Amino acid sequence: MFGEFWSLFMITKEAVEKNSSKGSITFITGGFTENPTKGTVLVSSAFHAVEGFAKAMTVEMAPIRFNVIRPGFIDSGFWDFMEKDEREKLFNKTKTTIAVNRLGISEDIAQMVTSIMMNSFINGQITEVNGAKLPEKTV
């Protein structure tokens, strides 16, 4: 895994040095970073690594800004591998756990990317775009 991140570092560094002395790079991870489920250990670990990488790059490549967006549950093509009925059941159940009572959409993430890119004082941040998870119900 170290080799992959060394490659990511070298590619990122070269791209920044050739293209700009200022600007913004935004990575996107996901909800499994903070809320892993069975079978997501590799994804969760990789997301953590990307978030750490972004924070370290704010120092390494200053004044280039590095940020991370951590989406929550997004209604996107990612879920197309599931049967339609199964997917709808999952979506309906998940909506009840989100404070805004809906799933995210790709445009929610795109709006945050644009906001982060336009605000030159946002740097080294992990921004969650998740509609806020409702508290667990107690009996």
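The written sequence of each chain sets the order in which its residues are numbered from 1. Reporting in this predicted model follows two pLDDT cut-offs: at least 70 for local features of residues, and 80 or more for side-chain atom pairs to be given and counted; totals over whole chains, interfaces and linings ignore these cut-offs and use all residues. Hydrogens and waters are ignored; side-chain quantities use all the structure's heavy atoms.

**Notes on unusual backbone geometry**
- A cis amide bond links A62 to the next residue, P63, at an omega of 15°.
- Considering the arrangement of structural elements, one finds P63 in the loop between α2 (41-60) and β2 (65-71).
- A positive phi angle is found at N101, which is not glycine, with a value near 60°.
- Accessibility expressed as a relative area gives 53% for N101, which makes it exposed.
- Phi is positive for A132, which is not a glycine, with a value near 70°.
- Helix and strand definitions follow DSSP, with helices as H or I runs of at least four residues and strands as E runs of at least two, each counted in order from the N terminus. Position of A132 relative to the elements: it lies in the segment after β3 (126-129).
- According to the relative accessible area criterion, A132 is partly exposed, its value standing at 37%. Exposure is judged per residue with a 1.4 Å probe applied to protein chains only, and the accessible area is read against the type maximum: over 50% gives exposed, under 20% gives buried, and values in between give partly exposed.

**Topic: the pattern of salt bridges**
- Criterion for a salt bridge: a side-chain nitrogen of Lys or Arg within 4 Å of a carboxyl oxygen of Asp or Glu. A complete count under the given rule lists 5 salt bridges for this structure.
- Across the pair E34 and R70 runs a salt bridge, and its minimum N-O distance is 3.7 Å. Separated by 36 residues along the polypeptide, E34 in the loop between β1 (24-28) and α2 and R70 in strand β2 bring together distant segments of the chain.
- Exposure remark for R70: the relative accessible area of 6% places this residue in the buried category.
- A salt bridge links D80 to R87; the nearest nitrogen and oxygen atoms lie 3.9 Å apart.
- Residues joined in a network through salt bridges with shared partners are E34, E51, R70 and E128.

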